[in-house]
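Descriptive analysis of the structure
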Amino acid sequence: MRVDDIRAQVKESPFYLYSQARISANYAAYEAALRGLDSIIGYAVKANNNMLIMRHLQSLGSGAVLVSGNELRAAMVAGFDPTRTIFNGNGKLPWELRLAVEQGVLVNVDSEFDLDNIAAAAEAAGKTARVLIRINPDVDPEVHAYVSTGLANSKFGIRNSHLQWFLDRIRALPSVELVGVHSHLGSTITRVAIFRDAAQIMVSFVRQIRDQGFNLRYLNIGGGLGIDYHHKGEKLPSPADLIDTVRDVVADLGLTIIIEPGRSMVANAAALVNTVTGVKTNGNKNFIVVDGSMSALIRPSLYDAYQHIELTAPSSEPEQTFDVVGPVCESADFLGKARPLPAPAAGAGLVVHDAGAYCMTMASTYNLKMRPPEWWVAEGGELRQIRRGETLDDHLRLFEGL
Ligand SMILES: Cc1ncc(COP(=O)(O)O)c(C=O)c1O
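Residues numbered from 1 in each chain as written. Predicted model: local features only at pLDDT ≥ 70, side-chain atom pairs only at ≥ 80, totals over all residues. Heavy atoms only, no water.

As annotated in an unreviewed UniProt entry, the chain is diaminopimelate decarboxylase from Elliptochloris bilobata. If you open the UniProt record of the chain and go to Sequence similarities (unreviewed entry), you find "Belongs to the Orn/Lys/Arg decarboxylase class-II family. LysA subfamily." Note on the chain: under the UniProt heading Cofactor (unreviewed entry), the record states "pyridoxal 5'-phosphate". (UniProt positions renumbered as here; feature names shortened; annotations may be inferred.)

**Let's talk about the environment of A269**
Locating A269 in the fold gives a position in the loop between α10 (263-266) and β10 (270-281). A sequence separation of 243 residues divides A269 from N26, and the C-alpha atoms of the two residues are 8.7 Å apart. (Helix = DSSP H or I, 4+ residues; strand = E, 2+ residues; numbered from the N terminus.)

**Remarks on the UniProt feature "active site" (unreviewed entry) in the chain**
Residues annotated by UniProt as "active site" (unreviewed entry) correspond here to C329. Residue placement: C329 occurs in the loop between β13 (319-325) and β14 (334-342). The exposure class assigned to C329 is exposed, which follows from its relative accessible area of 67%. With residues near it in sequence (within four places) discarded, C329 still touches Y366 and N367. (Buried < 20%, exposed > 50% of the residue type's maximum accessible area, 1.4 Å probe, protein only. Contact = heavy atoms within 4.5 Å.)

**Side note on unusual backbone geometry**
Geometrically, the link from S13 to P14 is a cis peptide bond, its omega value of 0° lying close to zero. Relative to the helices and strands, P14 is located in the loop between α1 (3-9) and β1 (15-19). One non-glycine residue with positive phi stands out, namely H231, at about 55°. Tracing the sequence through the fold places H231 in the loop between β8 (218-220) and α9 (239-251). Look at H231 and you get partly exposed, because its relative accessible area is 35%. Located in the positive-phi region is A338, a residue other than glycine, with phi close to 50°.

**Describing the site of the ligand**
Every one of the 13 residues lining the ligand counts as a neighbour, but K46, S187, E260, R263 and Y358 are closest to it. S187 places a side-chain nitrogen or oxygen 2.2 Å from an oxygen atom of the ligand. In the environment of the ligand, an oxygen atom lies 2.9 Å from a nitrogen or oxygen atom belonging to the backbone of G262. Here the ligand loses 95% of its free accessible area of 400 Å² to cover by the protein chains. When its residues are assigned to classes, the shell around the ligand shows 3 nonpolar, 6 polar and 4 charged. (Near = heavy atom within 4 Å. Polar contact = N/O pair within 3.5 Å; in protein donor to acceptor, adjacent residues only side chain to side chain. Areas by Shrake-Rupley, 256 points an atom, 1.4 Å probe, with all protein chains shown as cover. Nonpolar A, V, L, I, M, F, W, Y, C, P; charged D, E, K, R; others polar.)

**Side note on the side chain of T245**
Assignment of secondary structure puts T245 in helix α9. Judged by its relative accessible area of 14%, T245 is buried. Of the polar contacts made by the side chain of T245, one reaches the backbone oxygen of D241; its length is 2.4 Å. Residue contacts for T245: discarding those within four places in its chain leaves V192, A193 and R196.

**A short note on the packing of aromatic side chains**
Counted under the stated rule, the structure contains 2 aromatic pairs. With a centroid separation of 5.0 Å and an interplanar angle of 85°, the aromatic rings of W165 and F166 are classed as edge-to-face. What makes F166 buried here is its relative accessible area of 1%. Taking the ring centre of F334 as reference, the NZ or CZ of K337 above it sits at 4.2 Å. (Phe/Tyr/Trp six-rings, centres within 6.5 Å; stacked < 30°, edge-to-face > 60°. Lys NZ or Arg CZ within 6 Å of the ring centre and 35° of its normal.)

**Considering the environment of W376**
Looking at the element boundaries, W376 is found in strand β16 (residues 374-377). Judged by its relative accessible area of 4%, W376 falls in the buried class. In sequence terms W376 and A270 are 106 residues apart; their C-alpha atoms lie 8.4 Å from each other. Excluding anything up to four places from it in sequence, W376 contacts Y18, Q20, L52, I53, H56, E382, L383, R384 and I386.

**Details of the pattern of salt bridges**
Under the counting rule described, the total for this entry stands at 14 salt bridges. We note a salt bridge from R247 to D244, for which the minimum N-O separation is 3.5 Å. Placement of both R247 and D244 in helix α9 is noted, with a separation of 3 residues, approximately one turn of the helix. Exposure remark for R247: the relative accessible area of 25% places this residue in the partly exposed category. Three or more residues joined by partner-sharing salt bridges are found here, namely R371, R387 and E390. (Salt bridge = Lys/Arg side-chain N within 4 Å of Asp/Glu carboxyl O.)

**Regarding a nonpolar patch on the surface**
Together, L368, L392, L396, L398, F399 and L402 make up a nonpolar patch on the protein surface, roughly 640 Å² of accessible area in all. Checked against the element boundaries, L392 lands in helix α12 (residues 392-396). Classification of L392 by relative accessible area gives partly exposed; the value is 41%. (Patch = residues over 30% accessible without salt bridge, like charges linked within 9 Å, V, L, I, M, F, W, Y side chains within 5 Å.)

**A look at the UniProt feature "modified residue: N6-(pyridoxal phosphate)lysine" (unreviewed entry) in the chain**
Within the UniProt annotation, "modified residue: N6-(pyridoxal phosphate)lysine" (unreviewed entry) is assigned to K46. Relative to the elements of secondary structure, K46 occurs in the loop between β2 (39-44) and α3 (51-59).

This is the structure in structure tokens:
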């Protein structure tokens, strides 16, 4: 379907536009990559928590990776089997842990206090907590510092030199069962050899822990596979490339491998569709001003991330260099910098590609720009709204006595 035909039907702008078929294809690529391995695909809900997208991935057989109690509740509403979900995080709250243990979720141990809280939650729930220890393999993922999570200085995971303390403590806790180890190196990773280096380090931890009599069943290698944000025809690693790199490393250990893809499952399945408000210049720089902004899509402002931008219709205008900016009252409010584009007319359509992950979930109502609606082209080909746009009334309803 042409985006301009869809724009003619969708009255609000900006809006997120997804392809359900692309999500299915991304899931199928992971499934095929893992054939022959005992595995759990845990979709990282933080990437996109639209309930219809979650329900769709669940219906395809996905498990879920969660970083809050509300993500766990939403995953249950979407129908995920809690025993195929994993709860991560460096600051998990007592109520969140209690819910996770009650539901049989696999829980990551992130620190000394986290282990104590997990044990307390398990005792309160009258159940055994099945836990994985989050270890930092200290392999550099070569990504933006904000999405690098597996180095020794990370706020996530245990101090590796303290591993023995954790093992002794877990052995002494009757309500906690150690079933695996976990690592997550970071996000937007485009060199799969990095995963192999980490897997080898994790396997040596598995051996070390098994030697002490623990019955480890799971190796969780996290998420993090990057996608082709630049659209320059670069050949990036696929899920098969990722799994093949670690396959022989994990094969003879008899472990269930867990992977936690977020971005690579949903990012390339969506665009943010904007309408051009106008074009201006300050003498040095040209600007295309659109109705979308950092409120709807913050990755460029937050990470200096590149997301490819195109107009929705061909143009006979010559290309010029533009910053594509929104109306939010911040100089950080841009969707793209120094982009070669033909000057569009007011009302033209402009898409920001690869907006399916960490875009809508990070959207805010800053400047009271309300969160945009989400639509998808369903697998049958029909266009369907999958979340309505937020309204000012939604905002005003939160205040009493107006
Ligand atoms: C623990 C954990 N697992 C999985 C993911 C998903 O990563 P990605 O979206 O890069 O696949 C994240 C996100 O940063 C994470 O923190």
